[in-house]
Amino acid sequence: YFSEWAVKAQQLKDELLFLVDEDTAAFNKVMAAFGLPKDSAEEKAARSAAIQSANKYAAEIPLRVMETSFKAYQLLGEMAEKGNPASISDVGVGALAVRACIEGAAMNVRINLAGLKDEALKSSLRETMQRVAGESEAEFKRVHAIVESKLG
């Protein structure tokens, strides 16, 4: 199991590291959009469109962080059930880290949704965020229960 888990964990780590860079790029796009000129009506319209596009991207990236991080629960569950009993506390810490990551990413989604004017898009992104957050909490509780049962 160990080598299979290591491969899966490495893939998740690589995806999340990519998303860290994307999150930085998204923030930079938001800041650049706010820095656009706004003297004429055309400039104001272009600036507003750029801000909306940047906010959309800035909300989508942490949503992807949530979805990607969520995949770790399956791996942690397998490790809790079949892994080395001496490492069970590490699994518990991993579950706490995943939970914190997902909750923090949800905060980032929410702050970027605030700047979106497209109510349908805003609603769709919020619903996805809430679904993943709810599923995360259920999976955290499942993995945490396994960990607690084996800690002694």
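Above this text sits the structure in question.
A brief report on the enclosed structure follows.

What counts, and at which threshold
- Residues numbered from 1 in each chain as written.
- Predicted model: local features only at pLDDT ≥ 70, side-chain atom pairs only at ≥ 80, totals over all residues.
- Heavy atoms only, no water.
- Helix = DSSP H or I, 4+ residues; strand = E, 2+ residues; numbered from the N terminus.
- Rg over C-alpha atoms; globule rule 2.2 N^0.38 Å.
- Buried < 20%, exposed > 50% of the residue type's maximum accessible area, 1.4 Å probe, protein only.
- Contact = heavy atoms within 4.5 Å.
- Areas by Shrake-Rupley, 256 points an atom, 1.4 Å probe, with all protein chains shown as cover.
- Lys, Arg positive; Asp, Glu negative; His and termini not counted.
- Charge placed at Lys NZ, Arg CZ, Asp CG, Glu CD.
- Expected span 1.5 Å × (residues − 1).
- Salt bridge = Lys/Arg side-chain N within 4 Å of Asp/Glu carboxyl O.

## Description of the overall build of the protein
Here is step 1: On a plain count of helices and strands, the protein comes out with five helices and zero strands.
Here is step 2: Listed by position from the N terminus, the elements making up the protein come as α-α-α-α-α.
Here is step 3: Computed over the C-alpha atoms, the radius of gyration of the protein is 19 Å, more than 25% above the 15 Å expected from 2.2 N^0.38 for a compact globule of 152 residues.
Here is step 4: Oriented by its inertia axes, the alpha-carbon framework of the protein measures out at about 70 × 25 × 20 Å.
Here is step 5: Burial analysis of the protein (152 residues in total) assigns 36% to the buried set.
Here is step 6: Taking contacts inside the protein between residues at least 6 apart in sequence as the whole, the part at least 24 apart equals 78%.
Here is step 7: Summing over all exposed atoms, the protein offers an accessible surface of approximately 8,800 Å²; the carbon and sulfur share of this is 59%.
Here is step 8: Here the protein holds 19 positive side-chain charges and 22 negative ones, and the gap between their average locations is 3 Å.

## Points about helix 3 (residues 72–82)
Here is step 1: When helix 3 is considered as a whole, its buried residues turn out to be Ala-72, Tyr-73, Leu-75, Leu-76, Gly-77, Glu-78 and Ala-80.
Here is step 2: Against the buried residues of helix 3 lie helix 1 (2–34), helix 2 (41–70), helix 4 (88–113) and helix 5 (119–151).

## Re helix 1
Here is step 1: For helix 1, with 33 residues, the first-to-last C-alpha span of 48 Å sits near the 48 Å given by 1.5 Å per residue.
Here is step 2: Regarding helix 1, the residues found buried are Trp-5, Leu-12, Leu-19, Glu-22, Ala-26, Val-30 and Ala-33.

## With respect to the pattern of salt bridges
Here is step 1: Counted by the stated rule, this structure contains 10 salt bridges.
Here is step 2: Note that Glu-78 is salt-bridged to Lys-8, the shortest N-O span being 3.9 Å. You can see Glu-78 sitting in helix 3 and its partner Lys-8 sitting in helix 1, a full 70 residues away along the chain.
Here is step 3: Among the residues examined, Glu-78 registers a relative accessible area of 17% and is labelled buried.
Here is step 4: When its relative accessible area of 29% is taken as the criterion, Lys-8 is described as partly exposed.
Here is step 5: Ionic contacts of the salt-bridge type, sharing partners, join the residues Glu-4, Lys-8 and Glu-78 into one network.

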